[in-house]
Amino acid sequence: VTNMCWALAKLWCHDSSFLKALAAQAMEHADELNKQEISVMAWAFATLNFRHQALLGNLGMHAINRMSEFGELEISNTAWAFARIA
């Protein structure tokens, strides 16, 4: 799911139906996401300026709970994503 979101963002593909489906899948498996996947997922949705509040809230909660595991890249990408989409 994360790789698909990343690819859509890199291609500037704004297929809202597909993005909503990916967001639903990501929320269903959010507990399984690693630090890079949390960061990339937030980055992808922010890059596409696609505000899926439930997903962003979920990613934010997981990022906060696991911030001690994040490296500089994950912190900067996640912070950028939430600043951009705010």
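Residues numbered from 1 in each chain as written. Predicted model: local features only at pLDDT ≥ 70, side-chain atom pairs only at ≥ 80, totals over all residues. Heavy atoms only, no water.

**Concerning the environment of F18**
Just so we agree on the cut-off: Secondary structure follows DSSP: runs of H or I at least 4 residues long count as helices, runs of E at least 2 residues long count as strands, and numbering of each begins at the N terminus. Burial classification: accessible surface area is computed with a 1.4 Å probe over protein chains only, and a residue below 20% of its type maximum counts as buried, one above 50% as exposed, and the rest as partly exposed. In what follows, residue pairs with any heavy atoms lying within 4.5 Å of each other are defined as contacts.
Its location among the elements puts F18 in helix 2 (residues 16–28). What makes F18 partly exposed here is its relative accessible area of 34%. A sequence separation of 10 residues divides F18 from L8, and the C-alpha atoms of the two residues are 9.6 Å apart. With residues near it in sequence (within four places) discarded, F18 still touches M4 and L8.

**Quick look at the pattern of salt bridges**
Quick reminder of the rule: The term salt bridge refers to a side-chain nitrogen of Lys or Arg lying within 4 Å of a carboxyl oxygen of Asp or Glu.
Inspection of every chain in the model, using the stated rule, returns 1 salt bridge. With a closest N to O distance of 3.0 Å, E69 and R66 form a salt bridge.

**Notes on the side chain of H52**
The condition is simple: For this analysis, a polar contact is any N or O atom pair within 3.5 Å, provided that within protein one partner can donate a hydrogen and the other can accept it, and provided that sequence-adjacent residues contribute only side-chain to side-chain pairs.
Position of H52 relative to the elements: it lies in the loop between helix 3 (35–47) and helix 4 (53–65). In this structure the side chain of H52 is engaged in a polar contact, spanning 3.1 Å, whose partner is the backbone nitrogen of L55. With residues up to four places along the chain from it excluded, the contact list for H52 reads A23, M27 and F45.

**Points about helix 1 (residues 2–10)**
Rules: By construction, the arc corresponds to the directions joining the helix axis to the C-beta atoms.
Residues of helix 1 that are buried: T2, C5, L8 and A9. Taken end-on, helix 1 shows its buried residues confined to a sector of 130°, consistent with a single buried face. Opposite its buried face, helix 1 presents the exposed residues N3 and K10, each directed more than 90 degrees away. Taken together, the buried residues of helix 1 touch helix 2 and helix 3. Just downstream of helix 1 lies W12, where phi reads positive at about 55°.

**Examining helix 3**
A turn of α-helix holds 3.6 residues, and therefore any two residues three or four places apart point the same way. Short version of the rule: Under the convention used throughout, the expected extent of a helix is 1.5 Å for every residue step, that is, one less than its residue count.
For helix 3, which comprises 13 residues, the first-to-last C-alpha distance of 18 Å matches the rise-based estimate of 18 Å (1.5 Å per residue) to within 8%. Residues of helix 3 that are buried: I38, S39, V40, M41, A42, A44, F45, A46 and T47. For helix 3, the elements touching its buried residues are helix 1, helix 2, helix 4 and helix 5 (72–85). Two or three places before Q36, at the start of helix 3, stands the capping residue N34, its side-chain oxygen 2.9 Å from that residue's backbone nitrogen.

**Remarks on the nonpolar core**
Applied cut-off: The nonpolar core is taken to be a set of buried Ala, Val, Leu, Ile, Met, Phe, Trp, Tyr and Cys residues, with the residues joined through side-chain atoms within 4.5 Å.
Judged by nonpolar contacts, the single largest core of 23 residues is most densely connected at M41, F45, L55 and L59. Elements supplying a minimum of two residues to this core: helix 1, helix 2, helix 3, helix 4 and helix 5. Among the elements that line this core, the one with the most residues is helix 3, at 6 residues. Discounting chain neighbours no more than four positions away, the residues touching L59 are L33, I38, M41, A42 and F82.

Shape is all these values report; function is a separate question.
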